[in-house]
Amino acid sequence: MTLSHAETSREINGQYRLHYHEAGSGSELLLLHGSGPGVSGWSNYSKNLPVFADKFRTLCLDMPGFGGSPPVTWNKVYSQVAADAVRSFLDELQIDKVDIIGNSMGGNVAAEFALAHPDRVRRLALMGPGGLAVNTFSPPVSEGTRRLFEFLDDPCRDRMIAWVETMVSNPALITETLIDERMANALKPGVVATTAEIFATFGNPSLNTTPPLWARAKDIQQSTLIIWGRDDRMLPLEGGHFSYRQLPNAEMHIFSDCGHWAQIERKHDFERVVLEFLSRP
């Protein structure tokens, strides 16, 4: 099955104006993308959407400030604003409960949503989830994070390439088409400034009014699959072991020859592992 951007594209205009993609039928599965310049739900999951749509009513959301969803007032740390947008999104679609797949920042948002609304989440599959990792030996700012902020400071093609190189283990995946698409999306009016504002919320003490996510991880009771790439240069693997030990109902799958984008770099294996996890009673 192939699905196009246009045929799956949807929008709702409630408390938040949100763009998303929808395909398939059955129980609901929500896909939450990561962060970074030019990212969207489609850029993260377009190749996975047909596979999940074969089993689930699959909803691929652009979180506020990304893709086709405009920014809002950041009155809390971004992950909590986005988690509230997820709540509004499900309310608008009259969906009581979902499974959630979250990549990087999307994993952070998924965890915040599960903490705020535990009765609305069945299971979580989190790939390199931001906020849940604690690194003991790696530098406090990863290579991928440094490359990301270098691009935001000077959004040029070379710096986009340098950042994307930190996302994958196999550099052959970095094609001219991929860089062209990312640059076109990142250089749309306001995108770089919005992305910088989003990251700034995490360092703003007036917006961080709760303990860090990793300190609350033990309260996430849902069955959780944690996925990590062994060669992740954005959120190093060592940090994943902390979240795996803290979440009371978690299991962990580590992919070799894989960076931060498991859903892209190990596509078929990623889909197999996640579908097996989601098919359990």
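Residues numbered from 1 in each chain as written. Predicted model: local features only at pLDDT ≥ 70, side-chain atom pairs only at ≥ 80, totals over all residues. Heavy atoms only, no water.

In the annotation of an unreviewed UniProt entry, the protein chain is listed under the name 4,5-9,10-diseco-3-hydroxy-5,9, 17-trioxoandrosta-1(10),2-diene-4-oate hydrolase and assigned to Mycolicibacterium llatzerense.

## Side note on the overall build of the protein chain
Keep this limit in mind: Numbering of helices and strands runs from the N terminus, with a helix taken as a DSSP run of H or I at least four residues long and a strand as a DSSP run of E at least two residues long. In this description the radius of gyration comes from C-alpha coordinates, and the expected globular size is given by 2.2 Å times residues to the power 0.38. Relative accessibility under 20% of the residue-type maximum defines a buried residue, over 50% an exposed one, and the middle range a partly exposed one, all with a 1.4 Å probe and only protein chains included. Whether two residues touch is decided by their heavy atoms; if any such pair falls within 4.5 Å, the residues are in contact. Surface accessibility follows the Shrake-Rupley procedure with a 1.4 Å probe radius. Residue values consider only the protein chains on display as shielding. Positive charge is attributed to Lys and Arg, negative charge to Asp and Glu, and no charge count is given to His or to the chain ends. Positions of charges follow a simple convention, taking NZ of Lys, CZ of Arg, CG of Asp or CD of Glu.
Tallying secondary structure elements over the protein chain gives 12 helices and eight strands in all. Since a compact globule built from 281 residues should have a radius of gyration of about 19 Å, the 17 Å found for the protein chain is in line with a globular shape. In terms of principal-axis extent, the alpha carbons of the protein chain reach across some 45 × 45 × 40 Å. Each of the 281 residues in the protein chain was classed as buried or not, and the buried ones make up 53%. Counting contacts in the protein chain only where the partners sit at least 6 residues apart, residues at least 24 apart contribute 73% of the total. Total accessible area computed for the protein chain in this model is approximately 12,000 Å², and 50% of it derives from carbon and sulfur atoms. If you average the places of the 26 positive and of the 33 negative side-chain charges in the protein chain, the two averages end up 3 Å apart.

## Examining the pairing of strand β6 (residues 121–127)
As a reminder of what qualifies: By definition, two strands form a pair when at least two bridges between them are found by DSSP. The definition of a right-handed crossover adopted here requires that, viewed with the strands pointing away, the path from the first strand over the helix to the second runs clockwise.
Burial within β6 is extensive, with six of its seven residues counted as buried. Two elements, strand β5 (residues 98–103) and β6, share five bridges in a ladder whose sense is parallel. Among the inter-strand pairings, Ile101 is bridged to a residue of β6, identified as Ala125. Taken together, β5, helix α5 (residues 105–116) and β6 constitute a β-α-β crossover, and its handedness is right-handed. As defined by bridge partners, β6 adjoins strand β7 (residues 223–229) across five bridges and the pair is classed as parallel. Considered in β7, the bridge of Leu124 is made with Thr224.

## Digging into the sheet that holds strand β3 (residues 28–32)
Using the following cut-off: Each axis is a line fitted through C-alpha atoms, and for a helix only the stretch in contact is used; angles between axes span 0 to 180 degrees, taken between their N-to-C directions.
Strand order in the open sheet formed by eight strands is β1-β2-β4-β3-β5-β6-β7-β8, with mixed pairing between adjacent strands. Two strands bound the open sheet, and with one partner strand each, they are β1 (9–13) and β8 (250–255). The sheet shows a mean angle of 20 degrees between the axes of neighbouring strands, direction not considered. Pairing of β1 with strand β2 (residues 17–23), which is carried by five bridges, proceeds in the antiparallel orientation.

## Thoughts on the nonpolar core
Heads up, the rule is: Side-chain atoms within 4.5 Å are what join buried Ala, Val, Leu, Ile, Met, Phe, Trp, Tyr and Cys residues into a set we call a nonpolar core.
If you look at the biggest cluster of nonpolar residues, it comprises 62 residues, and the most contacted ones within it are Leu32, Leu61, Phe89 and Ile100. Looking at this core element by element, the count peaks at eight residues for helix α4 (residues 78–92). With residues near it in sequence (within four places) discarded, Ile100 still touches Leu29, Leu30, Leu32, Ala110, Phe113, Val121, Arg123, Leu124 and Ala125.

## Some thoughts on the side chain of Gln263
How we decide: Polar contacts here mean pairs of N or O atoms no more than 3.5 Å apart (in protein, one a potential hydrogen donor and the other a potential acceptor; neighbouring residues in sequence count only if both atoms are side-chain atoms).
By secondary structure assignment, the location of Gln263 is in helix α11 (residues 262–265). Among the polar contacts made by the side chain of Gln263, one reaches the main-chain carbonyl oxygen of Asn44 at a distance of 3.4 Å. Not counting residues up to four positions away in its chain, the partners in contact with Gln263 are Asn44, Tyr45, Asn48, Asn103, Met127 and Phe270.

## A look at the packing of helix α7 (residues 157–165) against helix α8 (residues 176–186)
Two packed helices can be described by the angle between their axes and the distance between those axes. Operational definition: Left-handed describes a crossing whose near helix is turned anticlockwise from the far helix by less than a right angle; the clockwise case is right-handed. Residues are sorted three ways: Asp, Glu, Lys and Arg are charged, Ala, Val, Leu, Ile, Met, Phe, Trp, Tyr, Cys and Pro are nonpolar, and all the rest, Gly among them, are polar.
Packing of α7 against α8 leaves a shortest axis separation of 10 Å and a crossing angle of 115 degrees. Helix-helix and strand crossings are classified by hand; for α7 and α8 the assignment is right-handed. The residues of α8 that touch α7, namely those facing Arg157, Met160, Ile161, Trp163 and Val164, are Glu176, Leu178, Ile179, Asp180, Arg182, Met183 and Ala186. Classifying every residue of the contact of α7 with α8 by side-chain character gives eight nonpolar, no polar and four charged.

## Describing the UniProt feature "domain: AB hydrolase-1" (unreviewed entry) in the protein chain
Which entries qualify depends on this criterion: UniProt positions are given in the numbering used here, feature names are shortened, and annotations may be inferred rather than shown by experiment.
UniProt's entry tags residues 29–270 with the feature "domain: AB hydrolase-1" (unreviewed entry), counted in the numbering of this structure. Spanning residues 29–270, this segment combines 40% helix with 14% strand, and its end C-alpha atoms are found 15 Å apart.

## Things to note about the pairing of β2
When you tally the buried positions in β2, you get six out of seven residues, the bulk of the element. Here β1 folds back onto β2, and the loop between the two strands holds three residues. Sheet analysis places β2 next to strand β4 (residues 57–61), joined by four bridges and oriented antiparallel. If you follow Glu22 over to β4, its bridge partner there is Leu59.

## Points about the environment of Leu31
By secondary structure assignment, the location of Leu31 is in strand β3. Residues Leu31 and Thr136 lie 105 residues apart in sequence; the distance between their C-alpha atoms is 30 Å. Beyond its immediate sequence surroundings of up to four residues, Leu31 is in contact with Tyr45, Leu49, Thr58, Leu59, Cys60, Leu61 and Ile101.

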